[in-house]
Amino acid sequence: MHSSFSAAPVSSDFKPVRNRNLQLGFLLALALCAACADALDPVPFQGVSGILTYLSEPDSASTDWIRVLAYRDLPQGELDLLAFEPPSDTLPRQGLSAPYVVALEPEEYAWLVVVWKERGNDNLLEALRAAGWYTASGDAFSAPASFRVAADSESAGINVIADFENMLTIAEVLEVLP
Amino acid sequence: MRRLALCLALGLWAALPAAAQQSGVVSGRVLDASTGTPVSTAALRVVGTVLLTFADDSGRFELRGVPAGRRRLWVERIGYAPRELEVMVGAGARAELEIALEPQAVPLGGVVVAATKRELSVRDAPVSVAVLEQDELRLRIPATVADAVAYAPSVQFVGENVNIRGSSGYSRGTGTRVLFLLDGVPANAGDSGGVNWDIVPLTEVSRVEVVKGAGSALYGSSALGGVVNVVTAEPPEQPVTRVRLRAGFYDDPPDPEWIWASQTLGYYSAELSHGRRLGPLGVWLRGGWGNDDGYRENGDLERWNTALRLRLAGAADTLSLFGSWAREDYGAPIVWCMRGQCDDPNALAFQPLRVPFDAADDRTRSDKGRVHLTHRHRWSGPLSSFQRLSFQRNDWESRFGETRLGAVADRFGGELRLDWQPGSWLFLIMGGEGAYTQVEADLYGSHDLTDLALFAQAELGLTSWLTLTAGARGDVRLVDGGPLSDPRDSELSPRLGAVLSLDAVTRVRASLGRGFRAPTVAELFTATEVGGFRVVPNDALRPERCWAGELGIQRLLTAWLWLDVAGFFYEFEDLIEGDTILSERGIEIQFENLPEARVRGVEATARTSLFGDRLRGHLAYTFLDSEDKSTGEPLAYRPQHLLTASGTLLFRGLEIGVDYRYASAFDRVQVFTDPRTDALVPMRELDIGLAYRLGHQTIRFIVDNALNYAYTTIERNLEPIRRYTAALELEF
């Protein structure tokens, strides 16, 4: 059985409506979305940099890492030693010199120290050694010299001597520091 | 209970012959009212039933089993004004119609399969769906389909992670909460669960469906946040060869202090495809190759891919085979260079386009191969079956300094499904799915996963104004053959949905369902140390679960403005997120369960067609509110505001398109949080395109990131800078 029927539109069939004001308003709303701000910009480095000179190469097999740490105040006890600023990246275990940088807030710093960590020992009080610090006389362990980091600038030339054959334990560091 | 079910089944069965006698057939053609040419893929639905069909290439359609009497037929298609017609259907008779559609209405959203595993008009889906049609994909001259998916409303790419409605954060592509389907077949990587967009045959994509909200009731694990289904084109009836040549170059960085390369950096690619019929067999075959210098140091990429599709269609059976292989070889810097890590004559705190010395040679090679075979059989009466088998291999190797990492993951999958329409008011889908994944990797170890699932879904056309969908899926996962009885790795995910037709141009939808995702092998077992990041395994990780729901309304406000507004939520339990700890050994990352977390929001989308359809556009805004309930903090890598806007001006063969995407700065990230060097900025990207069509040949130009706006979505990784691309698309 086959028959044909005509299809009549029902009353809800949609009738186009035109309204130019509304159309232009909608376009304006789209255009407002294209405003632009807040992009990432170049940021000048703010911190300290220099050259680490190794008096001898560290023992690569027992070295977990070497980093440079900065302190606002000279530590007076073991707990103070944990109050360091974000450290430098790990530094080379081989060679006789390496550049370093430490990003720091603009302030006066009392102590900048090269820290060596023993591999396989997670007790930091035992595993950490001081290999040298920034001094006015250019050696590894004489009186620490302070330095200032200015806003939006790099305090360059803070060079440090690291002596991996005569490193100091935490207890020895606390004895030596004023 | 069993007696009741038996009575219902018998009653249903007994009703079938009677229903057949009291029904008729509605058939005919859909035509363009202005040109009289056939309109293909127009959706035709008998109001108040689950009867639905789509016009074929010649505009013809046929609806069987239409209840006798005076019936209303709803007809719609993208680019045409929808129509509602009244039809008198005689018992056992055929009503032949010729339906003319006016071609000047706002785009309505097209066809979607992934929402319910059944072809539906987007307007009839009980969940929010965004569909990107072929023209929209090509307009943006994408390198992979991901470049086009990024423009869908409520979608944001955070690094490699595709993020729908803020459901995912960032995890370097691992454990994505978006299920990636290729022609409806799962295609997430077996080891990480990530999405490999380069396996998609870009020139042969018909459309991309983005289904929002938890889809676990149909798809199980991975579909917790949503589903992206890439539908490839059917092989053509007549021989067709397509060539797409694409080339472009990067502009200078927005700031001269960031310039790192002495020469202009560019990219180019070539794709060739050919499709034809070989007797009863339809076939297309394609291949592509591309090279990209990259816009940042060690950011180069070389890409090869090939794909094949065969289709054999008979009166009752359709057999389809898809195979693809893709290789990428690329530089893989993890983060940009901080002061002291690379040569920087400008002594900046960071150089966003340079990489640290020790990452200058880091590279990754990845190979992806997949094949799937699908078979659909239409049984006598309103029953059809669908079967598929699939295999996917992901094989990759990375070199980070002296460390080499790699993995091979093989995933075998299968599905058996029955689609049954016992009456004009009921459409049933039921089936089972299984997958076996084997992973061999130096950073995960050797592991296997077994996934088993059963699912069922009923669509009920209860009245002329209400359609209900109810379904559930039971999933079981075994890790390394782990016990079936372990309740941690099994889940029942129900979902209820409803679509109310308030009038001819207004639909209200609501859904509430359960989401489930079992942790991937990478989340459970990764143990590695790369580039200062140490990933720690957590084999006690539990699957994450959620309740997810939405309430939405869509309405054609005028002939030129269509509006959709939805409120949605995810209430997560045991949400898996990477937890980051800065230790003296570097940055430690471990995937952990957050006991309770929430994402909720509102999404509004407007589509328009103005000035006699010469100007088309859309504007979509999403507000997101996320919270880790144990800390009260926002979830990491989720923006609060997302906005996409696009406009295309059409004049004769010329198209001018503008796209704008905005995402507010994240409230929280997980690794680098120094406000001086890791400022959180919004994403603002403006793209301007131009195309000219002459018959089937098209030439396109696009400027991506025209504002040359510098931003990141993951820390210390600058998103692409301004680039100029031209493409030539030839078809003969």
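Residues numbered from 1 in each chain as written. Chains lettered and ligands numbered in written order. Predicted model: local features only at pLDDT ≥ 70, side-chain atom pairs only at ≥ 80, totals over all residues. Heavy atoms only, no water.

Participant: Hey, could you run me through the overall build of chain A in this one?
Facilitator: Each helix and strand counted, chain A has three helices and ten strands in total. Reading chain A from its N end, one meets helices and strands in the order β-α-β-β-β-β-β-α-β-β-β-β-α. Scored against the burial criterion, the 178 residues of chain A give a buried share of 41%. Here the contacts in chain A between residues at least 6 apart in sequence split such that 73% fall between residues at least 24 apart. Accessible area of chain A: about 9,300 Å², with a carbon and sulfur share of 55%. (Helix = DSSP H or I, 4+ residues; strand = E, 2+ residues; numbered from the N terminus. Buried < 20%, exposed > 50% of the residue type's maximum accessible area, 1.4 Å probe, protein only. Contact = heavy atoms within 4.5 Å. Areas by Shrake-Rupley, 256 points an atom, 1.4 Å probe, with all protein chains shown as cover.)

Participant: Help me out: how do you make sense of a nonpolar patch on the surface in this one?
Facilitator: All names here are of chain B. Together, L245, L649, I656, L690, Y692, L694, I699, F701 and L728 give the surface a local cluster of nonpolar side chains, amounting to about 750 Å² of exposed area. When residues of the nonpolar patch are traced back to their parent elements, those giving at least two are β40 (683-694) and β41 (697-704). Among the elements that make up the nonpolar patch, the one with the highest residue count is β40 (three residues). Assignment of secondary structure puts I699 in strand β41. Owing to a relative accessible area of 35%, I699 belongs among the partly exposed residues under this scheme. (Patch = residues over 30% accessible without salt bridge, like charges linked within 9 Å, V, L, I, M, F, W, Y side chains within 5 Å. Salt bridge = Lys/Arg side-chain N within 4 Å of Asp/Glu carboxyl O.)

Participant: Even after reading the chapter, I still don't get the pattern of salt bridges, so can you show me in this structure?
Facilitator: Where charged atoms from two side chains of opposite charge approach closely, those side chains can pair. Residue and element names in this part refer to chain B. Counted by the stated rule, this structure contains 68 salt bridges over all chains. Here E603 and R165 are joined by a salt bridge, their closest N and O atoms 3.1 Å apart. Placement of the pair is E603 in strand β36 (residues 586-610) and R165 in the loop between β12 (161-164) and β13 (178-182), with a sequence separation of 438 residues. Comparing E603 with R165 shows no difference in burial state: the two are buried. Several salt bridges converge on common partners, so that one network encompasses K117, R376, R388, E415, R417, D419, E433, R473 and D475.

Participant: I'm lost on the sheet that holds β13(B) in this one. Help?
Facilitator: In a beta sheet, neighbouring strands are held together by backbone hydrogen bonds and run either parallel or antiparallel to one another. Residue and element names in this part refer to chain B. The sheet built from five strands is open, its strands ordered β10-β15-β16-β13-β14 with mixed pairing. Where the open sheet ends on each side, the last strands, each with one partner, are β10 (129-133) and β14 (185-186). Pairing between β13 and strand β16 (residues 226-232): five bridges, direction parallel. If you follow L179 over to β16, its bridge partner there is V227. (Pairing = 2+ DSSP bridges.)

Participant: Got a minute to help me understand the nonpolar core in this structure?
Facilitator: If you look at soluble globular proteins, the nonpolar side chains tend to sit buried side by side. Counting 35 residues, the largest nonpolar core has A:L40, B:W258, B:F350, B:C546, B:Y570, B:F572 and B:L718 as the members making the most contacts within it. For this core, the secondary structure elements donating two or more residues are β34 (544-558), β35 (561-583) and β36 of chain B. Take this core: its biggest share by element is four residues, from β35(B). Discounting residues that sit within four places of it in the chain, B:W258 has contacts with A:L40, A:D41, A:P42, B:P253, B:L348, B:F350, B:Q351, B:P352, B:L353 and B:A710. (Core = buried A, V, L, I, M, F, W, Y, C linked by side-chain atoms within 4.5 Å.)

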